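Here is how the chains run, residue by residue.
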Amino acid sequence: HNSDEIEAGSQIIQLAHHYRKAGRSQEAAAYLRQAGNLALDLAAYDEAKIHFEEALQLLADFEQSEKRDRLELELLLPLGRCYYLVRGNTDQSVLDLFSHAVEIATRLPDGKAKIASNLGLWNYFLSTAASVQALALAERLHKEAVVCRVPVQQAAAFALARSREAIGEFQGSLEICDLALALSSTEPNTTATMTELDGLAACHSEKARVLWALGFP
């Protein structure tokens, strides 16, 4: 399967270069995004980073619009993942990137994009032991996610539960997990495609961590 994916990636890159030479930068950026996501799936993080950054350079000359903002966000979020996988969660570039992503997401009408961007920022705070900032952000996201679909609510709930665990509020973390796990949904977890966070699975994992910390078998 990997050889097929590598060949598909090469074809996508060729299409991107074709559109770039033709002066169709937005289409080229979209194909570079596909190439970056494919490289990311293959754990080729440095290659994925190059594709995402090249695509972002192509968008730099376009005027701000909702379509441009969405495409930029679709590039920034996986690029952020490349940064923390290659450079580490605590690198300054991770903070800068997700701060910019949050700025863009606030211009979009849907809450999912805003929460996905803020989850990247939350992860940075938690990784740098900025527990108070992480908890404050997670509490805000948990409230905002109430109007979103169930998978988004569960992703935000995990952030809050993990933040509470980080400051020793194990019982509070457990309660948040139980509430999130009680939500039922047949919807595909589209939040995971934006954040690489499956909220349902993360809440199950967090609950197990907390129960272990509390001494449960």
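Within each chain, residue numbers correspond to sequence positions counted from 1 in written order. Per-residue local features of the predicted model are confined to residues with pLDDT of at least 70, and side-chain atom pairs are confined, for both listing and counting, to 80 or more; whole-chain, interface and lining totals are unaffected and use all residues. In computing side-chain values, all of the structure's heavy atoms are included and hydrogens and water are not.

Q: Can you help me understand the overall build of the protein chain in this one?
A: Labels follow the DSSP assignment, with helices taken as runs of H or I lasting at least four residues and strands as runs of E lasting at least two, numbered in each case from the N terminus. On a plain count of helices and strands, the protein chain comes out with 11 helices and zero strands. The order of α-helices and β-strands along the protein chain, N terminus first, is α-α-α-α-α-α-α-α-α-α-α. Think of it in three bands: with a 1.4 Å probe and only protein chains considered, a residue is buried below 20% of the maximum accessible area for its type, exposed above 50%, and partly exposed in between. Taken across its 217 residues, the protein chain has 44% of its residues classed as buried. Here the protein chain has roughly 11,200 Å² of accessible surface; of this, 52% comes from carbon and sulfur atoms. To be clear on the numbers: accessible area is Shrake-Rupley with a 1.4 Å probe, and residue cover counts the displayed protein chains and nothing else.

Q: Mind showing me how you'd approach the pattern of salt bridges here?
A: Here the idea is simple: oppositely charged side chains can pair when their charged atoms come close. When a carboxyl oxygen of Asp or Glu lies within 4 Å of a side-chain nitrogen of Lys or Arg, that pair is called a salt bridge. Counting across every chain of the model gives 13 salt bridges. For Lys114, the salt bridge is made with Glu144, and the minimal N-O distance between the two is 3.7 Å. One end of the pair, Lys114, is in helix 6 (residues 111-127); the other, Glu144, is in helix 7 (residues 131-144), and 30 residues separate them in sequence. Residue Asp178 is joined to Lys207 by a salt bridge in which the shortest nitrogen-to-oxygen separation is 2.9 Å. With Asp178 in helix 9 (residues 170-182) and Lys207 in helix 11 (residues 199-213), this residue pair connects regions lying 29 residues apart in the sequence. Salt bridges sharing partners connect three or more residues here, namely Arg162, Glu165, Glu206 and Arg209.

Q: Would you take a moment to explain the packing of helix 3 (residues 45-59) against helix 4 (residues 66-86) for this structure?
A: All axes are obtained by fitting lines to C-alpha atoms, using only the stretch in contact for helices, and the reported angles, taken between N-to-C directions, cover 0 to 180 degrees. Where helix 3 meets helix 4, the closest approach of the two axes is 9 Å, and the angle between their N-to-C directions is 150 degrees. Taken together, the axes of helix 3 and helix 4 lie roughly antiparallel to each other. Helix-helix and strand crossings are classified by hand; for helix 3 and helix 4 the assignment is left-handed. Between helix 3 and helix 4, the contacting residues are Tyr45, Asp46, Ala48, Lys49, Phe52, Glu53, Ala55, Leu56 and Leu59 on the first element and Arg68, Leu71, Glu72, Leu75, Leu76, Pro78, Leu79, Cys82, Tyr83, Leu85 and Val86 on the second. The scheme is simple: roughly parallel for angles under 35 degrees, roughly antiparallel for over 145, roughly perpendicular for 65 to 115, oblique for anything else. Each crossing is labelled by how the near helix is turned from the far one, with a counterclockwise turn of less than a right angle marking it left-handed and a clockwise turn marking it right-handed. Residue contacts follow a heavy-atom distance rule, with two residues in contact if any of their heavy atoms lie within 4.5 Å.

Q: In this structure, what is going on with the state of the cysteines? I would like to understand it.
A: A covalent bond bridging the sulfur atoms of two cysteines is what the word disulfide describes. The disulfide criterion used throughout: a pair of cysteine sulfur atoms within 2.5 Å. Scanning the entire structure with this criterion turns up zero disulfides. Counting only cysteine sulfurs, Cys203 is the nearest neighbor of Cys177, a cysteine outside any disulfide, at a range of 5.0 Å.

Q: Got a minute to help me understand the side chain of Glu72 in this structure?
A: Along the polypeptide, Glu72 turns up in helix 4. Engagement of the side chain of Glu72 in a polar contact is seen with the side chain of Arg68, the distance being 2.6 Å. At 3.0 Å, the side chain of Glu72 forms a polar contact with the side chain of His100. Residues in contact with Glu72, not counting those within four places in the same chain, are Leu56, Leu59, His100 and Ile104. Definition of a polar contact: a pair of N or O atoms within 3.5 Å, with one able to donate and the other able to accept a hydrogen when the atoms are protein atoms, and with sequence-neighbouring residues admitted only if both atoms are side-chain atoms.

Q: Explain the packing of aromatic side chains to me, please; I cannot follow it from the model alone.
A: The description of an aromatic ring pair uses the distance of the two centres, along with the angle that the planes make with each other. Any two of the Phe, Tyr and Trp rings considered here, Trp counted by its six-membered ring, make a pair once their centres fall within 6.5 Å; the pair's planes then place it as stacked at under 30 degrees, edge-to-face at over 60, or tilted in between. Tallied over the full model, the rule gives two aromatic pairs. Taking the centre distance of 5.8 Å and the plane angle of 75 degrees together, the rings of Trp122 and Phe158 count as edge-to-face. Separated by 36 residues along the polypeptide, Trp122 in helix 6 and Phe158 in helix 8 (residues 150-166) bring together distant segments of the chain. The same class applies to Trp122 and to Phe158, which are both buried. Only when the NZ atom of a Lys or the CZ atom of an Arg is both within 6 Å of the ring centre and within 35 degrees of the ring normal do we say a charge sits over the ring. Seen from the ring of Tyr83, Arg87 lies directly overhead, with NZ or CZ sitting 4.1 Å from the centre.

Q: What am I meant to see in the packing of helix 2 (residues 25-41) against helix 4 here?
A: When two helices pack together, their arrangement is given by the angle between their axes and by how far apart the axes lie. Running from N to C, helix 2 and helix 4 point in directions that differ by 25 degrees, and their axes come no closer than 11 Å. Taken together, the axis directions place helix 2 and helix 4 in an arrangement best described as roughly parallel. Seen along the crossing, helix 2 lies across helix 4 with a hand that is left-handed. On helix 4, the residues touching Gln26, Ala29, Ala30, Arg33, Asn37 and Leu40 of helix 2 are Lys67, Arg68, Leu71, Glu74, Leu75, Pro78, Arg81 and Cys82. Polar here means any residue other than Ala, Val, Leu, Ile, Met, Phe, Trp, Tyr, Cys and Pro, which are nonpolar, and Asp, Glu, Lys and Arg, which are charged; Gly is therefore polar. In the contact of helix 2 with helix 4, the residues fall into seven nonpolar, two polar and five charged.

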